[in-house]
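# Structure at a glance
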Amino acid sequence: MKKSFKIILSAGIILTAVFIFIPEKKENPEPVAMVSASTSAERINYFALHGWEAEEIFSRDITIPSEFSESYENFAKIQDKQKLPLRECKGMDAVLYTYRIKNYAPENKNLLAELIVCDGKAVSSAIYAEDDSDYIISVH
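## Points about the nonpolar core
- Among the nonpolar cores identified, the biggest contains 17 residues, and F47, W52, Y99, I101, L115 and I127 are the most heavily contacted of them.
- Within the residue set of this core, elements represented by two or more residues are α2 (40–49), β3 (93–101), β4 (111–118) and β5 (121–129).
- If one sorts the elements of this core by residue count, β4 sits on top with four residues.
- Filtering out sequence-adjacent residues up to four positions away, Y99 remains in contact with R43, I44, F47, A54, E55, E56, I57, L111, L112, A113 and L115.
- Ranked by size, the runner-up nonpolar core spans 13 residues in total, among them I62, L86, A94 and A126.

Written out as structure tokens, the structure reads:
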């Protein structure tokens, strides 16, 4: 009886030590992509790297909301999957560039692309149908 008690006690001590001294595995956040987009060539190249032939049609200054509405939050999730730092730019001034996609037209839909640039870095991108706001896809 003494021998089995010592074995059980030893096993308990070892298991306790393992749980105490093995560090807890922490989830590392996904690295954020730093895509330079301060020039027209860099912005066009961003789309080209992902297979899109884009032509800039206009740009305008915007302010990224400080608080995201439900629809903006859904949009932000697309950016998270692309590893673009939209969330890091809440409340900041930015430029929204809009492009016509020239090399793809599913179901004869005209596709547009948007790229939001904050401090010279791409923070958001998406492709969408010009006449169908529900048709949004990631650039990647």
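We are not done yet, so read on.
## Let's talk about α2
- Of the positions making up α2, those classed as buried are R43, Y46 and F47. For α2, the angular spread of buried residues about the axis comes to 90°, placing them on one side. When the buried face of α2 is taken as reference, the exposed residues oriented beyond 90 degrees from it are A41 and L49.
- Its buried side turned inward, α2 meets β1 (35–36), β2 (54–63), β3, β4 and β5.
- At the C-terminal side of α2, G51 shows a positive phi close to 90°.

Cut-offs and rules
Residues numbered from 1 in each chain as written. Predicted model: local features only at pLDDT ≥ 70, side-chain atom pairs only at ≥ 80, totals over all residues. Heavy atoms only, no water. Core = buried A, V, L, I, M, F, W, Y, C linked by side-chain atoms within 4.5 Å. Buried < 20%, exposed > 50% of the residue type's maximum accessible area, 1.4 Å probe, protein only. Helix = DSSP H or I, 4+ residues; strand = E, 2+ residues; numbered from the N terminus. Contact = heavy atoms within 4.5 Å. Arc of directions from axis to C-beta.

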